[in-house]
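Residue-level structure breakdown
Here is what each chain is made of, one letter per residue.
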Amino acid sequence: MHADLEALLNLQEHDKAVIAIEAELAAFNPELAALDAELAQAQAELDGARKGAQDAELRRAELEGKIESYRVMQERRRQRLEWVRGAKEASTLMAELDLARTVLAKEEAEWMRSADRVQEAERRAAEVERLVEEARTAQASRREAIAAGQAASAERLAEARRRRDQAAGGVRRPLLQQYERIRRGRAPLALYPLHGEACGHCYTAVPLHRRQDILNGQSVTTCEACGVIVYHAPD
Ligand SMILES: [Zn+2]
């Protein structure tokens, strides 16, 4: 085989190794994304539960303020009652006091319920917080394993790239440029073996005279249809 072709095929083998390790690294991504999504969902639930607890507390505080102002007004009515002279005015004030007492009792009952809701919401938030922690703990070992796998792959990738660059150094410059140009195109690889009478990439028939060149292995020949370098791979 022609020395140029040998150098190119050698480079392609190193590129294949690089591609394989890049695929290994990319293969970690879906699982990592799934783990991230699981945590994000748990966190969103926790945020919702905490918001619920805050809202319940706000409602309780609102009611407390309202009840306090009712009590103040009620106290004023009682004081006025002590100074009232006329019987009619007194009975009006008594009626107001009675009505206000009923309203206050209702608000106090509502406050009791709101306090229950605060407790319930806080319990729920604590429960969800525990679930988030559990999810984190459950993921920890898997994430560690993934990180270790990524680190190992990254190390091998760096080494494979170093070897690849070394192999590229063994290819004549114009051929290397041609090789890189083909690789930037659609074909995943730059070199394909002759497949019967056709190009091993696009399966377009290679004209006889070119096929002869390829079989002789004395020159670097490209496919007229797809542009990849076609070579003869002896069995
Ligand atoms: Zn082709």
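Just so we're clear, the structure is a prediction, and the values are computed from it rather than from any experiment. (Residues numbered from 1 in each chain as written. Predicted model: local features only at pLDDT ≥ 70, side-chain atom pairs only at ≥ 80, totals over all residues. Heavy atoms only, no water.)

A separate point is the coordination of the zinc ion. Bound to the zinc ion on the protein side are Cys199 (SG), Cys202 (SG), Cys223 (SG) and Cys226 (SG), at distances that span 2.3 Å. Around the zinc ion sit 4 donor atoms; with metal-centred angles ranging over 103 to 113°, the donor geometry is tetrahedral. Here the donor residues for the zinc ion map to a single chain with the spacing C-x2-C-x20-C-x2-C. Given the relative accessible area of 7%, Cys223 is considered buried. (Donors = N, O, S within 2.8 Å, 3.2 Å for Na, K, Ca; no water. Tetrahedral: all angles 85-135°; square planar, octahedral: opposite > 155°, others 65-115°. Buried < 20%, exposed > 50% of the residue type's maximum accessible area, 1.4 Å probe, protein only.)

The geometry of helix 1 (residues 3-83) relative to helix 3 (residues 173-184) is characterised by a closest axis approach of 11 Å and an angle of 40° between their N-to-C directions. The angle between helix 1 and helix 3 falls in the class oblique. Crossing of helix 1 against helix 3: the hand is right-handed. Every residue of helix 3 that contacts helix 1 at Asp4, Leu8, Leu11, Gln12, Asp15 and Ile19 is listed here: Leu175, Leu176, Tyr179 and Arg183. (Axes fitted to C-alpha atoms, helices over the stretch in contact; angles between N-to-C directions. Helix = DSSP H or I, 4+ residues; strand = E, 2+ residues; numbered from the N terminus. Parallel < 35°, antiparallel > 145°, perpendicular 65-115°, else oblique. Left-handed = near helix turned anticlockwise from the far one by under 90°. Contact = heavy atoms within 4.5 Å.)

Per the domain assignment, the segments making up the chain are domain 1 (3-170) and domain 2 (178-231). When each unit is reduced to the centre of its C-alpha atoms, the spacing between domain 1 and domain 2 is 58 Å. Regarding the contact of domain 1 and domain 2, the summed buried area is about 950 Å², with carbon and sulfur atoms giving 68% of it. Looking at the side of domain 1 facing domain 2, the largest losses of area belong to Leu5, Leu8 and Gln12, adding up to 53% of the total buried there. The partner of Arg164 in a salt bridge is Glu180, with the nearest N and O atoms 3.1 Å apart. Joining domain 1 to domain 2, the criterion identifies 5 residue pairs in polar contact (both at pLDDT 80 or more). (Domains from an automatic or database assignment. Buried area = accessible area lost by both parts, 1.4 Å probe. Salt bridge = Lys/Arg side-chain N within 4 Å of Asp/Glu carboxyl O. Polar contact = N/O pair within 3.5 Å; in protein donor to acceptor, adjacent residues only side chain to side chain.)

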